[in-house]
Structures are given as C-alpha cells and as structure tokens.
Amino acid sequence: MQRLFPSRTAPVSPSPASEAAASAPEWSLEEIAAEYAYPPVGGGVEGAARWLRGNMVASLDGAIHHGGRSQPLSSPADMRIFGVLRALADVVVVGARTVRQEGYRPAKRRRAFADRRAAAGQPPAPVIAVVSAGLELDFAAPLFTEPAVPTLVITGGGAPPDRVERARQAGAEVIFAGEGGNADPARVPGLLADRGLCRQLTEGGPTLLGEFADAGVLDELCLSIAPRIVAGSAPRIMNGPVLPDPDAYALEGVLEEEGFLFTRYRRSRSIAE
C-alpha cells in the first residue's frame, strides 16, 4: 500500500523499523490505525462532542454492489481498512436493509486492538446499532444472540410495539430517536454520544447514509474506489432527496493498493454558506 495524498516531500532519515515498514508489501494494522485515527472527541475544549464517519465502497461506474453484495467490489486491502475502521469505532451504525442483505454479524474482539480500546475506555468490540422503522429483523440471528456487547436498535416512537418488545426480549437496547415512525437521522449521533459512543462509524446502506448527509451530521466519508465496472442498476453510495445545497468535503488522504483507491474526505461547509 502506498500513500498518494498527502505526499511526504521532506527528506527524512529512516530508522531501520521505518525502512522495513516501507518495504513491506502491506501496511501494519498500527500504520492504518494511525492514518485513520479519529479526531479528539467527547466534548472537550479542543474536541468534538462526537464524530460520524461513513465507510463505503463503489465501482468505477458508481455501483455499490454486484448481485446484491458489496464483497465482489472489495479486496484484501479494503478488508484490512474495514477491520481497522471498526476497531477504532465505539459504534457501527447500519440500516436494517443492509443488515439483511449483508447478513450482519456482531463485531469481533480484535486482540491487536485490545489494549488500545481499553486505554480509550472503549468496550471490547464496537456496538452495532441498527436503524430500523418497522423492526423487521431476525432477532434469532447471531447479531442479537452472540454479540460481545449488546446490539442497539434505533427507531422512532411510532415503531410497532410488538416488535419493540421482541427486540428487548432478544437482549437489544431500543433507542427512540424521534416521535414518528422513522428514526430522525439528525438525532441519532447525539443520542449515541449521550451513551458514550462518540467515535461513530456508519456502513450505510445508501438510504441511511443519504439521510445522515441530508441532516448535516456526516463529518467524514471514507470511500474505497474499486477498479471494477459493474453497469446494471445498482444504487450510488447515497440515495435520497437532493440536498438544498451541495455539501463541500475536503480531501484528507488517498491510499492505493493494486489499483484500489482508499479516499478520505472531511466535511467542510455547504457551498451556499
């Protein structure tokens, strides 16, 4: 893997360890973690109250899946970064449709990150938070029966009471984000931060990601671009209404391996502001 942006132009006398890292065929987990470290969070003077990062993969022609799954667009480097992003997060926020399509399972404990997470006061694995209106979820699935930390279900106050009760009986904590049938995406990050889950990662799907963007709460987007052409009718990384004004994002970094580009953008401001 190599960094394309920002480039390192200043001459540096490498240590033997850094020389070994530079010649290695892939970056270590520690190097990837340093590249994708969250900004300070938690409400301090210099830190943000919370940080919502999106992570998606797309083909060259903008498709986010092939045959209903994102895996054909992935690569070993993409999966390493995917795993590190999860290992850095307090919570992974995902839509119910994506849970069903991708067969979501609980996040795993990562031995390589155990000390880092303990020092940061994080649970042993990130919490999975499923955003769903109708709660049409398989509560007998491992996501609810085998999590390292209890799964959260985020919905609206108008969710079906019987499904809410089934979620609770399955061991999930139900969070109501708004009074309607759907969760209010503008309220989701704050409600998670209230529970100490400030380093937030969303893996979509495109409807949920579009809702977060429309609500103005998406702070960062990590987009993997696969050197693949899919065609067909697969959706873009975001679905939803057109934003009143396009949001501007500043390029923070680009990594490359075997033709895959791993980009990272930080939200700056609306063009209209």
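Note that the coordinates shown come from a computational prediction; the quantities given were computed from them, not determined experimentally. (Residues numbered from 1 in each chain as written. Predicted model: local features only at pLDDT ≥ 70, side-chain atom pairs only at ≥ 80, totals over all residues. Heavy atoms only, no water.)

Chemist: Please clarify how the overall build of the chain should be interpreted in this entry.
Modeler: Helix and strand content of the chain: nine helices and ten strands. Considering the chain as a whole, with its 273 residues, one finds that 44% of them fall into the buried category. Accessible surface for the chain amounts to roughly 13,600 Å². Of this, 53% is attributable to carbon and sulfur atoms. (Helix = DSSP H or I, 4+ residues; strand = E, 2+ residues; numbered from the N terminus. Buried < 20%, exposed > 50% of the residue type's maximum accessible area, 1.4 Å probe, protein only. Areas by Shrake-Rupley, 256 points an atom, 1.4 Å probe, with all protein chains shown as cover.)

Chemist: Help me understand the nonpolar core in this model?
Modeler: For soluble globular proteins, nonpolar side chains are generally found buried alongside one another. Membership of the largest hydrophobic core comes to 46 residues, with the highest contact counts inside it found for Tyr 36 and Val 130. Element by element, the count of residues in this core is highest for helix α3 (residues 76-88), at six residues. Apart from the residues within four sequence positions on either side, Tyr 36 is in contact with Arg 53, Ile 81, Leu 85, Leu 88, Cys 222, Leu 255, Phe 262 and Arg 264. Counting residues in hydrophobic clusters, the runner-up holds 27 residues, among them Ile 64, Val 91, Leu 221 and Leu 223. (Core = buried A, V, L, I, M, F, W, Y, C linked by side-chain atoms within 4.5 Å. Contact = heavy atoms within 4.5 Å.)

Chemist: So what exactly am I meant to see when it comes to the confidence of the model for the chain here?
Modeler: One rule of thumb: low pLDDT means the predicted coordinates there are not for detailed reading. Per-chain confidence: the chain averages 89 in pLDDT, with 90% of residues scoring 70 or above. Across residues 10-24, where pLDDT falls below 50, the model places two contacts with residues more than four positions away in sequence or in other chains. (pLDDT = per-residue confidence, 0-100.)

Chemist: Help me out: how do you make sense of the packing of aromatic side chains in this one?
Modeler: The description of an aromatic ring pair uses the distance of the two centres, along with the angle that the planes make with each other. For the structure on display, the rule yields two aromatic pairs. Summarising the aromatic geometry, the rings of Phe 139 and Phe 144 are spaced 4.9 Å apart at their centres and angled 65° between planes, so their arrangement reads as edge-to-face. A cation over a ring is seen here: Arg 53 above Tyr 38, with NZ or CZ 4.2 Å from the ring centre. Sitting above the plane of the Tyr 36 ring, Arg 264 keeps its charged end 5.6 Å from the centroid. (Phe/Tyr/Trp six-rings, centres within 6.5 Å; stacked < 30°, edge-to-face > 60°. Lys NZ or Arg CZ within 6 Å of the ring centre and 35° of its normal.)

Chemist: Just to check I follow, could you spell out the pattern of salt bridges for this structure?
Modeler: It is possible for side chains of opposite charge to pair when their charged atoms get near one another. Enumeration over the complete set of coordinates arrives at eleven salt bridges. One salt bridge in this structure joins Glu 146 and Arg 105, with 3.6 Å as the shortest N-O distance. Of this pair, Glu 146 sits in the loop between α6 (142-145) and β5 (152-155) while Arg 105 sits in the loop between α4 (96-102) and α5 (114-119); the two residues are 41 residues apart in sequence, bridging distant segments of the chain. Classification of Glu 146 as exposed rests on a relative accessible area of 51%. Notably, a salt bridge pairs Glu 179 with Arg 187, separated by 3.5 Å at the nearest N-O pair. (Salt bridge = Lys/Arg side-chain N within 4 Å of Asp/Glu carboxyl O.)

Chemist: Would you explain helix α7 (residues 161-169) in this entry?
Modeler: Since one α-helical turn is 3.6 residues long, residues separated by three or four positions face the same way. If you check which residues of α7 are buried, you get Arg 163, Val 164 and Ala 167. Buried positions in α7, seen along its axis, are confined to an arc of 105° and lie on one side of it. More than 90 degrees from the buried face of α7, the exposed residues found are Pro 161, Asp 162 and Gln 169. Packing partners of the buried residues in α7 comprise β5 and β6 (173-176). Backbone geometry just downstream of α7 places Gly 171 in the positive-phi region, at approximately 100°. (Arc of directions from axis to C-beta.)

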